[in-house]
Amino acid sequence: MINSIAFLIGATLMYSTPILFTALGGLISEKSGIVNIGLEGMMVAGAFSAAAVTTITGNPWFGLMAGSLTSGTIAFVHGLLSVYLGANQIVSGVAINFLGPAISLFMCKQLFNGSTNTPTIDTSEKLPKLFANIFTEGSFLDFVFHQDITVYLALFLVLVIGVFLNKTIIGLRIKSVGEHPKASETLGINVYHLRVMASTISGAIVGIGGASMSIALSSHFSPTLIAGQGFIALAAVIFGKWKVTGVLNACLLFGFTQSLVIFIGGTDLEFPSKILSMLPYFVTIITLIIFKSKSSAPKALGIPYER
Amino acid sequence: MLSKITKFKSIFLIVTSIVLGLVIGSIILLLAHYNPLQVYSTLFVGIFAKPKYILWTLLKATPIIMTGLSVAFAFRIGMFNIGAEGQYMIGALLAVICGYYLDLNSSIHPIIIIIIAMLGAGIFGGIAGYLKIKFDLNEVISTIMLNWIAFYFYNYMIDTPFLNKGMNVSHKIKASAKLTIISSNDFLEKTNTFLYDLEKVKFHWGFFIAIILAVICWIILEKTTLEFQMKAVGLNPNASEHAGIDIKRNKILGMFIAGALAGAGGAIQVLGVNFGITTLAAMQGLGFEGIAVALVANSSPIGCIFSGLLFGGLRYGATKIQVPPISAPSEIINVIIGMIVLFIAVPKIIEVLIRNRGEQYDK
């Protein structure tokens, strides 16, 4: 029983991590007023770059940076197009969802002899796990704390972004630009620069989310690796009412239901796992219905600002 | 007159986007050491050289025309339907169930099935409209969630006693339910090559059904006041309500129709091509392709036929370029589609390009 609980806690943390990175990234972009429904595509691109660079250089930290850089670049372009050329942000996001996976798979086939998967990365070349060999294997603490370093990074990032958005000048300005760009402009804030910056930071974080999938949780990139997690993250931002703690809770919920599916699959319980897999989506819809509030989205979200 | 000018302008922007998408595609091919001329000519020949190839293109285009219509229709009433994917799956699921269990004459069996699939998928789509109206739940979120619910439900149903428990494939539908035009006949080869092609490609009535449904959509949008009412709501919600426009009914109805269209797509694919369904490992992506189809069509139902054919052709042609002698990754097609969508997202790029050229002429 104790071990089951430990397993669930550990697996919840593990599975919520990639979504958490991506949702935190999405949050920053949306806070500045830029919608990015291309989170999925950016996550795929980040996951691929990370796996490819790790495979080639043998250093997962280079891989992590590459993943972050790739998605950051995509989000930078998305930001530029949205801010300076008045792009339809939703449509641009749809384009990212096509281009991210397409270019990744194209490159993958080029680099790895026509395969759509990158070669499996040796455990020693993956991102390290923390608290290995400290607790007795299979013990409660081992299940809970013996995790990929990305799990701790993600939780730390929650704190950092919470402070960034609420306590720092730049963070507060990003929020003001997403709420009322005109008022911000009159106070001397450069709306355009801030929005492009927020979008770029957002992409860089989303890329880490992708990387946490391909070089930490899993050990290679494949076309079905991300499988909708970017969309879940998109939902988590809304589900979390555009607040850092809300996003954290939403991601933990998704991670929990996902690990519940795996947990029940490993027991003798005769409960169809496919029905259980629907749970997070039902829960999201029902929760959104119960705790509806209209005012939580940034006011200028998705509206191009013209001087 | 103004509308004619804007219509011309939007068609111009779309065609330019397509051309630019192909140009970017060729640059990427060049960078990857492929000859873009060779790739595009193979693509072109691979799509048009034989009647058989064109039939294949029509087959490939049919499902995405349907999901495209679904997204386009929702766009026109002011909803963004990301849920075509799930609605399509519900349609396919219902088609298999009705195709296996219903016992009807072959002249009406497929029609009844498609109607049931449309009703079921329509209700499924309508949920997103209802949630939007009743609880102010963003349809982008609800349709993403509903897609996954449909996905797991689809896989769950295949694995029940109802549809072949323990297997990853469902039962096959009855012969009376099929949309096949010509069933296997060996003598055809000698008598008529075109009919032989029809049989060999397993061409079915689905493409024509898609066209009929596109025309019906066009009639609903152009000849009824549904879209006009929704536009009025967008411009001035209060005035529209005073004028007696029922926003709630219209939005739910619009999403119902959108769902029904995607569902018809799923049903057609089952009745015409697959005759059954198999467990899915991942989403098929037809709903997303539908978004691209609708965007390139500028949300016009008739336009969806053409943009669906464009993407269907590219998809089918891709199978010709990934084999020797070219062996280019077929993903280049998705790169091209993505770039086309990107240019459509940013019409200003094209406007700036043209303006600069104009200024050069002035000098």
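Residues numbered from 1 in each chain as written. Chains lettered and ligands numbered in written order. Predicted model: local features only at pLDDT ≥ 70, side-chain atom pairs only at ≥ 80, totals over all residues.

### A word on the overall build of chain B
Turning to step 1, where the next piece is worked out: In terms of regular secondary structure, chain B is built from 16 helices and zero strands.
Turning to step 2, where the next piece is worked out: For chain B, the C-alpha radius of gyration of 22 Å lies close to 21 Å, the compact-globule estimate for 363 residues.
Turning to step 3, where the next piece is worked out: Each principal axis of the C-alpha distribution contributes one length, and for chain B these read about 75 × 65 × 35 Å.
Turning to step 4, where the next piece is worked out: Counting over 363 residues, chain B shows a buried share of 50%.
Turning to step 5, where the next piece is worked out: Sequence separation of at least 24 residues holds for 79% of the intrachain contacts in chain B that already meet a minimum separation of 6. (Helix = DSSP H or I, 4+ residues; strand = E, 2+ residues; numbered from the N terminus. Rg over C-alpha atoms; globule rule 2.2 N^0.38 Å. Buried ≥ 20, exposed ≤ 12 C-beta atoms within 10 Å, placed from the backbone. Contact = placed C-beta atoms within 7 Å.)

### Here's the deal with the overall build of chain A
Turning to step 1, where the next piece is worked out: The number of helices and strands found in chain A is 13 helices and zero strands.
Turning to step 2, where the next piece is worked out: When the helices and strands of chain A are read in sequence order from the N terminus, they spell out α-α-α-α-α-α-α-α-α-α-α-α-α.
Turning to step 3, where the next piece is worked out: By the compact-globule yardstick of 19 Å for 307 residues, chain A fits well, its C-alpha radius of gyration being 19 Å.
Turning to step 4, where the next piece is worked out: When burial is assessed residue by residue, chain A has 54% of its 307 residues classed as buried.
Turning to step 5, where the next piece is worked out: Considering only contacts within chain A whose residues lie at least 6 apart along the sequence, 76% involve residues at least 24 apart.

### Focus: the confidence of the model for chain B
Turning to step 1, where the next piece is worked out: Scored by pLDDT, chain B comes out at a mean of 87, with 93% of its residues at no less than 70.
Turning to step 2, where the next piece is worked out: If you check the scores for this complex, the pTM reads 0.89 and the ipTM reads 0.90. (pLDDT = per-residue confidence, 0-100.)

### Here's the deal with the packing of helix H2 (residues 39-57) of chain A against helix H10 (residues 229-239) of chain A
If you want to describe how two helices pack, look at the angle between their axes and the distance between the axes.
All names here are of chain A.
Turning to step 1, where the next piece is worked out: The contact between H2 and H10 brings their axes to 7 Å, and the two run at 130°. With respect to their mutual orientation, H2 and H10 come out oblique. The two elements H2 and H10 cross, and the hand of that crossing is right-handed. Counting all contacts with H2, which are made through Leu39, Glu40 and Met43, the residues of H10 involved are Gln229, Gly230, Phe231, Ala233 and Leu234.
Turning to step 2, where the next piece is worked out: The residue makeup of the contact of H2 with H10, split by class, is five nonpolar, two polar and one charged. (Axes fitted to C-alpha atoms, helices over the stretch in contact; angles between N-to-C directions. Parallel < 35°, antiparallel > 145°, perpendicular 65-115°, else oblique. Left-handed = near helix turned anticlockwise from the far one by under 90°. Nonpolar A, V, L, I, M, F, W, Y, C, P; charged D, E, K, R; others polar.)

### Describing the interface of chain A and chain B
Turning to step 1, where the next piece is worked out: Contact with chain A, which involves 39 residues of that partner, is made by 37 residues of chain B.
Turning to step 2, where the next piece is worked out: Of all the elements in the fold, those that place two or more residues in the side of chain A that touches chain B are helix H4 (89-111), H10, helix H12 (273-277) and helix H13 (279-290) of chain A.
Turning to step 3, where the next piece is worked out: The dominant element in the side of chain A that touches chain B, judged by the number of residues it contributes, is H4 of chain A, at 15 residues.
Turning to step 4, where the next piece is worked out: Here the side of chain A that touches chain B is composed, by residue class, of 26 nonpolar, nine polar and four charged.

### A closer look at the domain arrangement of chain B
All names here are of chain B.
Turning to step 1, where the next piece is worked out: Per the domain assignment, the segments making up chain B are domain 1 (13-34 + 328-363) and domain 2 (55-325).
Turning to step 2, where the next piece is worked out: Measuring from the centre of the C-alpha atoms in domain 1 to the corresponding centre in domain 2 gives 29 Å.
Turning to step 3, where the next piece is worked out: Contacts between domain 1 and domain 2 engage ten residues on the former and eleven residues on the latter.
Turning to step 4, where the next piece is worked out: In terms of residue count, helix H15 (residues 332-345) provides more of the side of domain 1 that touches domain 2 than any other element does, six residues in total. (Domains from an automatic or database assignment.)

### A short note on the nonpolar core
Turning to step 1, where the next piece is worked out: Of all hydrophobic cores here, the largest spans 201 residues; its most connected members are Ala47 and Ala236 of chain A together with Ala267, Ala292 and Val341 of chain B.
Turning to step 2, where the next piece is worked out: At 14 residues, the largest contribution of residues to this core is made by helix H6 (residues 139-158) of chain B.
Turning to step 3, where the next piece is worked out: Per-domain counts for this core show at least three residues from each of domain 1 (13-34 + 328-363) and domain 2 (55-325) of chain B.
Turning to step 4, where the next piece is worked out: When sequence neighbours within four positions are dropped, the list of residues in contact with Ala292 of chain B reads Val94 and Phe98 of chain A together with Phe311, Ile337 and Val341 of chain B. (Core = buried A, V, L, I, M, F, W, Y, C linked by C-beta atoms within 7 Å.)

### Here's the deal with the environment of Ile108 of chain B
Turning to step 1, where the next piece is worked out: Following the sequence through the fold, Ile108 of chain B ends up in the loop between helix H4 (84-101) and helix H5 (109-135).
Turning to step 2, where the next piece is worked out: In the structure, Ile108 of chain B is positioned 68 residues away from Ser176 of chain B in sequence and 8.7 Å away in space, judged by C-alpha atoms.

### Some words on unusual backbone geometry
All names here are of chain B.
Turning to step 1, where the next piece is worked out: Cis geometry is found at the peptide bond from Pro324 to Pro325, where omega equals 10°.
Turning to step 2, where the next piece is worked out: Along the chain, Pro325 turns up in the loop between helix H14 (301-321) and H15.
Turning to step 3, where the next piece is worked out: Phi is positive for Phe275, close to 60°, though the residue is something other than glycine.
Turning to step 4, where the next piece is worked out: With respect to the helices and strands, the residue Phe275 is situated in the loop between helix H12 (247-274) and helix H13 (286-296).

### Side note on the packing of H2 of chain A against helix H3 (residues 60-84) of chain A
Residue and element names in this part refer to chain A.
Turning to step 1, where the next piece is worked out: Across the interface, H2 lies against H3 with an axial gap of 7 Å and an inter-helix angle of 150°. As the angle between them shows, H2 and H3 are arranged roughly antiparallel. Relative to H3, the crossing made by H2 is right-handed. Counting all contacts with H2, which are made through Met42, Ala45, Gly46, Ala47, Ser49, Ala50, Ala51, Val53, Thr54 and Thr57, the residues of H3 involved are Pro60, Phe62, Gly63, Leu64, Ala66, Gly67, Ser68, Thr70, Ser71, Ile74 and Ala75.
Turning to step 2, where the next piece is worked out: Across the contact of H2 with H3, the residue classes break down as twelve nonpolar, nine polar and no charged.

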